[in-house]
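Spelled out, the chains give:
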Amino acid sequence: MADDKHDSITQLAQIEERILKTYQVISCQNLFSPENSFLYERCKGRKILIISGPTVSKLYGQKIQAYFNYFFPLQGHVNFLQIKTGEENKNLHTVQEICKAAQDYKIDRQGIFIAIGGGIVLDTVGLAASIYKKSVDYIKINTTLVAQVDVGVGIKAAVNFHESKNEIGTYKFPLLSINDPSFLKTLNDREIRCGLSEMIKMGIILNRQLFEMLEQRFQNIMQHKFDLSKMKQIDCDIISDSITGMAAQLRPNLYETDTKRLVDFGHTLSPQIEMTSVYRYKHGEAVAIDMAISSRIAYLLGKLGLEAFERIIGLLTNIGLPIFDAEICTFDNLWMGVEKTIIRKNGDFNLVIPLDIGHASFIFSISDFDPAILRQAIADMNIISNCKLTLASKYEKRACHLGR
Ligand SMILES: NC(=O)c1ccc[n+]([C@@H]2O[C@H](COP(=O)([O-])OP(=O)(O)OC[C@H]3O[C@@H](n4cnc5c(N)ncnc54)[C@H](O)[C@@H]3O)[C@@H](O)[C@H]2O)c1
């Protein structure tokens, strides 16, 4: 039928899709024990491509292989691929490598990719799974703390592209996202710190109790790395607290149509910091620097009290996370990060700033933000970071005065 006003426009068909999709984030102890058929039950009868990086393959490869040999004795059903890790390999080339291996192993559309690793492996495999044969199922097995509390909860899967972090990607529902806490035992201190950085973020924006638990228990966590045989259940529960908070924030806005996302706290300047350090700073470390600067901005704007600011800086430094880098955190460089954020957010700024521990808000528009505040925050953080706050000097015996 011709439209009255536009004779040349005729609707030939209207296509709609209303599919309710769902996935679960699950904690499963001893996932690869031969007594545990949980994973087998979820992928039996399908061809599988298992993808991991060199460290996970070295530490867990034999155990994982033994599990699949036990449950899938038939040749050819399960295939393994090791990919290179590091941000420099988180790119379309590696995505293609995964697709090529899947093609060589004749993985069909009923096949499953199983990603076992940290955020880099999960993101790269997620993107490959979304384009191989126009989409195959994939299971995330999250082996770092960052992966367990953050990457494994959401549906984003992106790789770096031409000097831009996570520039090419998609939103891909996993079939399942699985945390086995026993993987965390082999993480080095730096990787644990990076995960704690994401958990501190959740504490600052939403959950004062989580923040206070981290303040009280971080030494124990660093020492025992969530090993239940050596820690109290309450220490391990902070992982689930963090995930529950994250899931509640992501659920109504999975495709990020609303650019006001509290979980973006620490993620405005951090991509620029990560990239211009040529990935010398890991994701969680760059997030820590961003959280420190954003907190200082909040303090300078009179939105965050001095005590709360000190507690944020105190926790980050006590854990051993960086809070500033004078070489990277120049005004020009960070402002470039601001501009990239505005492009990414379709013109919005929505910088997340804490108002207290457990409570945050936004600077919505760039027109409400005086660049001089960023300049001042940088100058202040330069001084504060040189004071090297220690646990002992956190409050009363502060080595330098953080107020103005
Ligand atoms: N998609 C998302 O929503 C999302 C969210 C946050 C971060 N990310 C991305 O995730 C990446 C960071 O993830 P990450 O911190 O897990 O880093 P990563 O993937 O580089 O892993 C860190 C290191 O730990 C090693 N490792 C993994 N599991 C191990 C284990 N159990 N024992 C010992 N070593 C182990 C890895 O080989 C690697 O060397 C970044 O690229 C970031 O952009 C994505």
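Residues numbered from 1 in each chain as written. Predicted model: local features only at pLDDT ≥ 70, side-chain atom pairs only at ≥ 80, totals over all residues. Heavy atoms only, no water.

Enquirer: Explanation requested: the site of the ligand in the structure shown.
Expert: If you check the shell around the ligand, you find 23 residues, and the closest are E87, T143, T144, K165 and T186. The backbone of G119 places a nitrogen or oxygen atom 2.8 Å from an oxygen atom of the ligand. Measuring from a nitrogen atom of the ligand, one finds a side-chain N or O atom of D123 at 2.9 Å. In the complex, 89% of the free accessible area of the ligand, which totals 870 Å², lies under the protein chains. Counting only elements with at least two residues in the shell around the ligand, the list comes to α2 (54-71), α4 (119-131), α5 (145-151) and β7 (164-171). (Near = heavy atom within 4 Å. Polar contact = N/O pair within 3.5 Å; in protein donor to acceptor, adjacent residues only side chain to side chain. Areas by Shrake-Rupley, 256 points an atom, 1.4 Å probe, with all protein chains shown as cover. Helix = DSSP H or I, 4+ residues; strand = E, 2+ residues; numbered from the N terminus.)

Enquirer: Looking at this model, I keep getting lost on the pairing of strand β6 (residues 156-161). Mind explaining?
Expert: Residues in a regular strand project their side chains so that they alternate between the two faces of the sheet. Strand direction decides the pairing type here: β6 and β7, joined by five bridges, are antiparallel. Within β7, the residue paired with A157 across the bridge is T170. Linking β6 back to β7 in an antiparallel pair, the connection comprises two residues, with H162 at a positive phi of about 45°. (Pairing = 2+ DSSP bridges.)

Enquirer: Explanation requested: the pairing of strand β10 (residues 359-363) in the structure shown.
Expert: For strand β9 (residues 351-356) and β10, the ladder comprises five bridges, and the chain directions are antiparallel. The partner of I353 across the bridge, within β10, is S361. With antiparallel pairing between neighbouring strands as the criterion, β9 and β10 make up a hairpin whose turn holds two residues, including G358 at a positive phi of roughly 95°.

Enquirer: Would you mind going over the layout of surface pockets with me for this structure?
Expert: Here the idea is plain: a probe the size of a water molecule rolls over the atoms and shows the empty space left. Counted as a void, the second largest pocket has a volume near 600 Å³. Lining of the second largest pocket is provided by 28 residues; of these, V25, I26, V153, I243 and A247 occupy positions nearest its centre. Put simply, the parts of the chain that give the lining of the second largest pocket at least two residues each are β1 (25-27) and α8 (233-250). Among the elements that make up the lining of the second largest pocket, the one with the highest residue count is α8 (nine residues). Of the residues in the lining of the second largest pocket, the class split is 17 nonpolar, eight polar and three charged. Composition of the lining of the second largest pocket by domain shows at least three residues from each of domain 1 (25-186) and domain 2 (190-387). (1 Å grid on protein atoms, 1.4 Å probe; cavity = no way out; pocket = protein on both sides within 12 Å on 5 of 7 lines; lining within 4 Å. Points joined across faces, edges and corners; volume = space filled by probe spheres on them. Nonpolar A, V, L, I, M, F, W, Y, C, P; charged D, E, K, R; others polar. Domains from an automatic or database assignment.)

Enquirer: Whenever I open this one, the packing of aromatic side chains confuses me. Can you help?
Expert: In this description, a pair of aromatic rings is defined by centroid distance and the angle of the planes. Applying the stated criterion across every chain, the model contains 19 aromatic pairs. A ring pair is formed by Y23 and F173, whose centres lie 5.2 Å apart and whose planes are at 85°; its orientation type is edge-to-face. Linking Y23 in the segment before β1 with F173 in the loop between β7 and β8 (176-179), this pair joins segments that are 150 residues apart in sequence. For the pair Y23 and F173, one class covers both residues: buried. Geometrically, the ring pair formed by F32 and F183 is edge-to-face, given 6.4 Å between the ring centres and 75° between the ring planes. Taken together, the positions of F32 in the loop between β1 and α1 (38-43) and F183 in the loop between β8 and α6 (189-205) put the pair 151 residues apart, joining distant regions of the chain. Owing to a relative accessible area of 6%, F32 belongs among the buried residues under this scheme. The buried category is assigned to F183, whose relative accessible area is 3%. Feature note: the residues F32, Y40, Y60, Y67, F68, Y70, F71, F72, F80 and F183 constitute an aromatic cluster, connected by ring pairs. Of note, R280 hangs over the ring of Y281, and the distance from its end group to the ring centre comes to 5.1 Å. (Phe/Tyr/Trp six-rings, centres within 6.5 Å; stacked < 30°, edge-to-face > 60°. Buried < 20%, exposed > 50% of the residue type's maximum accessible area, 1.4 Å probe, protein only. Lys NZ or Arg CZ within 6 Å of the ring centre and 35° of its normal.)

Enquirer: Explain empty space enclosed by the protein to me, please; I cannot follow it from the model alone.
Expert: According to the stated counting rule, one finds one cavity of 30 Å³ or more in the structure shown. One number sums up the size of the largest cavity: a volume of about 40 Å³. Lining the largest cavity are L269, S294, I297, V338, F349, L351, F369 and L374. Residues of the lining of the largest cavity, tallied by class, amount to seven nonpolar, one polar and no charged.

Enquirer: When you look at the nonpolar core in this model, what are you seeing that I'm missing?
Expert: Buried together is how nonpolar side chains tend to be arranged in soluble globular proteins. If you look at the biggest cluster of nonpolar residues, it comprises 81 residues, and the most contacted ones within it are L145, I200, I293 and I297. The leading source of residues in this core is helix α10 (residues 283-300), at ten residues. Each of domain 1 (25-186) and domain 2 (190-387) gives at least three residues to this core. Setting aside residues up to four positions removed in sequence, I200 forms contacts with F211, L214, M291, L315, L316, I319 and L321. (Core = buried A, V, L, I, M, F, W, Y, C linked by side-chain atoms within 4.5 Å. Contact = heavy atoms within 4.5 Å.)

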